[in-house]
Amino acid sequence: MTQYFDPTKYEGWVCADCNVPMQLGKVDISYLGNSFPVDLLKCPNCGLVLIPEEMALGKMAEVEKALEDK
Amino acid sequence: MTLAIVAGDFSGAHKVFRKSVPFPEIIARTCDQPCQAKCNRETLGGVIRVADLERASVEFSTEPPQKITILPKKKSRVAIIGGGLSGLTAAFDLARKGYQVDLFEEQNQLGGRLWDFSEEQLPREILERETKLIAQVGVKIHLNERVEPTHPIWDEADAIYLGIGKSASVYSFPQSVTPTTFQTSQPKVFAGGSLLHPYSSILSVSDGCRAAISIDRFLQKVSLTASRINEGAYETRLYTNLAGLASVETILPRQIRYTKEEVQAEAKRCIQCECMECVKSCEYLKHYGGYPKKYVREIYNNMSMLVRARTSNNFINSCALCGLCGEVCPTDLNMGQPIKETREKMVETSRMPASAHDFALRDMAFSNGEKFAMAKNAPIGGRGEAMLRPYNEFVYFPGCQLSGSSPDYTEKAYSFLRDTFYDVGLMLRCCGAPADWAGRKDLFAQSQAEFRAEHEKLGKPKVILTCSSCYQVFQQYYPDVEILSFWDVYDQHGQFPKREFFAPVAIHDPCSTRYESHIQDSVRSILTRMGGEIQELELSREKTECCSFGGAMWLANKPVAEKAVQRRINESPLDYVTYCAMCRNFFAKRGKRATHIFDYIFGGTEADLALVPAVGFSQNHENRARLKEKLLRELWSETMPEQAAFESIRLTLPDDVQKQVEDRLILVEDMQKVIEHAERTGKRMFNKSTQHYLAYFKPASVTYWVEYTSQADGSFLVHKAYSHRMEIGK
Ligand code: SF4
Ligand code: SF4
Ligand code: SF4
Ligand SMILES: [Zn+2]
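Residues numbered from 1 in each chain as written. Chains lettered and ligands numbered in written order. Predicted model: local features only at pLDDT ≥ 70, side-chain atom pairs only at ≥ 80, totals over all residues. Heavy atoms only, no water.

Trainee: What am I meant to see in the interface of chain B and chain A here?
Mentor: One frequent convention defines the size of an interface as the accessible area lost when the parts assemble. Contacts between the two partners involve 35 residues from chain B and, on the opposite side, 33 residues from chain A. Carbon and sulfur atoms supply 56% of the area that chain B and chain A bury against each other, a total of about 2,900 Å² over both sides. Its largest share of buried area at the contact with chain A, chain B owes to K683(B), M685(B) and M726(B), together 22% of the area lost on that side. Inspection of the region where chain B meets chain A yields three salt bridges. A salt bridge links K720(B) to E53(A); the shortest N-O distance between them is 3.1 Å. Mapped onto the side of chain B that touches chain A, the elements with two or more residues apiece are α15 (312–318), β15 (685–687), β16 (692–697), β17 (703–710), β18 (716–724) and β19 (727–728) of chain B. Taken together, the residues of the side of chain B that touches chain A sort by class into 12 nonpolar, 12 polar and 11 charged. Pairing of strand β1 (residues 13–15) of chain A with β15(B) involves three bridges; the strand directions are antiparallel. Looking at the pairing, W13(A) lines up with N687(B) of β15(B). (Contact = heavy atoms within 4.5 Å. Buried area = accessible area lost by both parts, 1.4 Å probe. Salt bridge = Lys/Arg side-chain N within 4 Å of Asp/Glu carboxyl O. Helix = DSSP H or I, 4+ residues; strand = E, 2+ residues; numbered from the N terminus. Nonpolar A, V, L, I, M, F, W, Y, C, P; charged D, E, K, R; others polar. Pairing = 2+ DSSP bridges.)

Trainee: Is there a simple way to explain the coordination of the zinc ion (ligand 4) in this structure?
Mentor: By definition of the ideal shapes, a tetrahedral metal site with four donors has angles of 109.5 degrees and an octahedral site with six donors has angles of 90 or 180 degrees. Residue and element names in this part refer to chain A. Looking at the metal site, the zinc ion (ligand 4) is ligated by C15 (SG), C18 (SG), C43 (SG) and C46 (SG), spaced 2.2 to 2.3 Å from it. Here the zinc ion (ligand 4) binds four donor atoms, and the angle range of 105 to 112 degrees at the metal identifies the geometry as tetrahedral. Under the relative-accessibility criterion, C43 is labelled buried at 2%. (Donors = N, O, S within 2.8 Å, 3.2 Å for Na, K, Ca; no water. Tetrahedral: all angles 85-135°; square planar, octahedral: opposite > 155°, others 65-115°. Buried < 20%, exposed > 50% of the residue type's maximum accessible area, 1.4 Å probe, protein only.)

Trainee: Help me understand the packing of aromatic side chains, please; the structure alone is not making it clear to me.
Mentor: All names here are of chain B. According to the stated counting rule, one finds 42 aromatic pairs over all chains in the structure shown. Ring centres 5.0 Å apart and planes at 70 degrees place the aromatic pair Y288 and F315 in the edge-to-face group. Of the two residues, Y288 sits in helix α12 (residues 283–288) while F315 sits in helix α15, which places them 27 residues apart along the sequence. Overall, Y288 belongs to the partly exposed group, its relative accessible area being 23%. Classification of F315 as buried rests on a relative accessible area of 6%. Clustering of aromatic rings is evident, with ring pairs tying together Y396, Y409, Y414, F416, F486, W487, Y490, F496, Y579, F598, F602 and W636. Here the basic side chain of K592 rests over the ring of Y576, its NZ or CZ set 4.1 Å away from the ring centre. Here the guanidinium or amino end of R684 rests over the ring plane of Y693, the centre of that ring lying 4.2 Å away. (Phe/Tyr/Trp six-rings, centres within 6.5 Å; stacked < 30°, edge-to-face > 60°. Lys NZ or Arg CZ within 6 Å of the ring centre and 35° of its normal.)

Trainee: How should I be thinking about the pattern of salt bridges in this particular structure?
Mentor: As a working rule, side chains carrying opposite charge can pair if their charged atoms are close by. Residue and element names in this part refer to chain B. Tallied over the entire structure, the rule returns 47 salt bridges over all chains. E454 is paired through a salt bridge with K457; the nearest N and O atoms lie 3.7 Å apart. Placement of both E454 and K457 in helix α22 (residues 441–457) is noted, with a separation of three residues, approximately one turn of the helix. On the accessibility criterion, E454 (24% relative accessible area) is partly exposed. On the basis of relative accessible area, K457 is assigned to the exposed category, the value being 60%.

Following this line, the structure appears as structure tokens:
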């Protein structure tokens, strides 16, 4: 899995706690014992992650379904 | 039947046969097989000798006599004039439906022209034995009694059936008989039998049976003509592909009668023209493009393989468990049963995907948690002074969906019950159906144990149920608990102010009432007494369809569920009246004009109640919680336990967001938890240009996201919410 959203749409977001902009980086996401590295926006300081709506409803939903039916 | 014969299972064949005809022993020996003219084998070796197969199936069967069930007694009286096969059939069917039936026969024996058959073809002993069946079902037999036009029965009976052949004309009216209903020009008089056609035992049975349906409807004051296509003999719409089939000659018996081997060989010639009745009536089966025999075989033989195959999980979870397939199937094959067992197996072997039933199971957990669940004996004092007995005779169990959709009606229903019976307690909780449908025996057992404990504490009162799914669960899992349907109670003790009906209405029977004809009758009676004119849907009562709530179909397979509801909606342009909160909600969501019968009983007159929008999921929870709070406060002077921190988070949802979260099955409480967590811990993102916050939280297995702004008044405006099940981190 690589990138499933357009990061330029999310440029304005900062981590409110650390007050630093969210930056692209590798994040692991997992389901039913399967883990995948994905490029996501995250806080370089505290690790807070931003999963965009289109990715949650798109690729992630698709993978969830595929893994459940496996 | 032919399949069973091929397998040498004559008892099985007998069972199939007698399911479709009364007096199977007589029919099997006298059937004149009018159906042969249509048999597809005609040009492929000759038509199947159906009557010989029937005869063999009863003669070689070792099946004990059938247990005959009789419905509760009804008040109406029916007179049957003529003891021939059509009269016997009508008498038998009506007596089984609970009517008081008197049968008059001029001769000193029952059977009419059946006595013309030779002893060899129809032994007298069998003829006498089978015609006696009607006495067993409670028919009063009057032999040697000719019913002259002056006979008092003409006035006394609420309906009369003339099954007396050509001589019926002496009674002068049956010159005009409507062919589909058998009603004569005199409305309470029906006629059939060889009056209408040359003698044929099977056609006489068909007449008697169809006239009985008309009389039943006539006495219940519902339409005689609605949905009566495909009754009696009709031209099948079945398409059977005969290409590539080899011709096989008819097997003739070498002696007078077939031996077992011969009849098996003859049955083997049957092409098994596929029926597909179930597929025609079920969107789910249609969607998966197969038919139950195939599925059931796969499920039983190959469960492990099936469970592993792609998309099969979805297949197993999409069935509504509604039982319609079993009802329309000539061989009683109900997919619901094996499907449910498969779900249970999947759960036991950890192959059940979490997503399919999760929402419904959490809803159940909510209902059985402290926000809603409670069990109390009737409050002391107030109207109808509760008897100062330690235990109540009754407890009202409104069910979670009614309480959530119509808390005000729930309250009124409870108050009606207390006015009627005085000591009626109240039990708020979920019956456990979602766990049952999800194959979660563990969760169901837990819910059952909780119910039992509470019920015992109340002194084991009789349980009054409004929801038909609850009714089904209680019938199946609490055989020792006495239950009553609210609708039966209301029909007996309620009030029936006339309501304004601008047009006839159609009744949608919830699929969980499929075999509860008493509930269906009560609802019709209530509605009629309030002034409603009912037009039956083609598929009603035991043939009713599921609104897609059943089996959690609506959660597992949205496209199929939507087709199923839409199909139901398309069946009539009339307003639908139903008696299940969920059915009503599913119709309303798709813009169908629909009411709950409570709208007529307790609803106001100012608004058009058929247009009230469906109650959303969050509102449904909120309503349940408030109902408990209100009743506790007003009736028992008690207060609710402390609120959790997240409950004080106030949200504002614009209409489009409201719709979005409803579609995505995200509840207000889920969003409250996200915001409470974000505000308390500071873990959230901020967007300077829009001034929006974005935060996520995972209360259990689903991660919820909310984009929001804080308002000056301390509330939160929600811009969007979404969720996923994948987890962040390894
Ligand atoms: S199922 Fe087909 S082959 Fe068999 S008797 Fe009926 S029409 Fe004939
Ligand atoms: S949805 Fe109903 S009719 Fe269709 S297969 Fe399931 S139980 Fe049978
Ligand atoms: S399962 Fe029953 S209804 Fe369905 S095709 Fe077979 S015989 Fe017909
Ligand atoms: Zn941070």
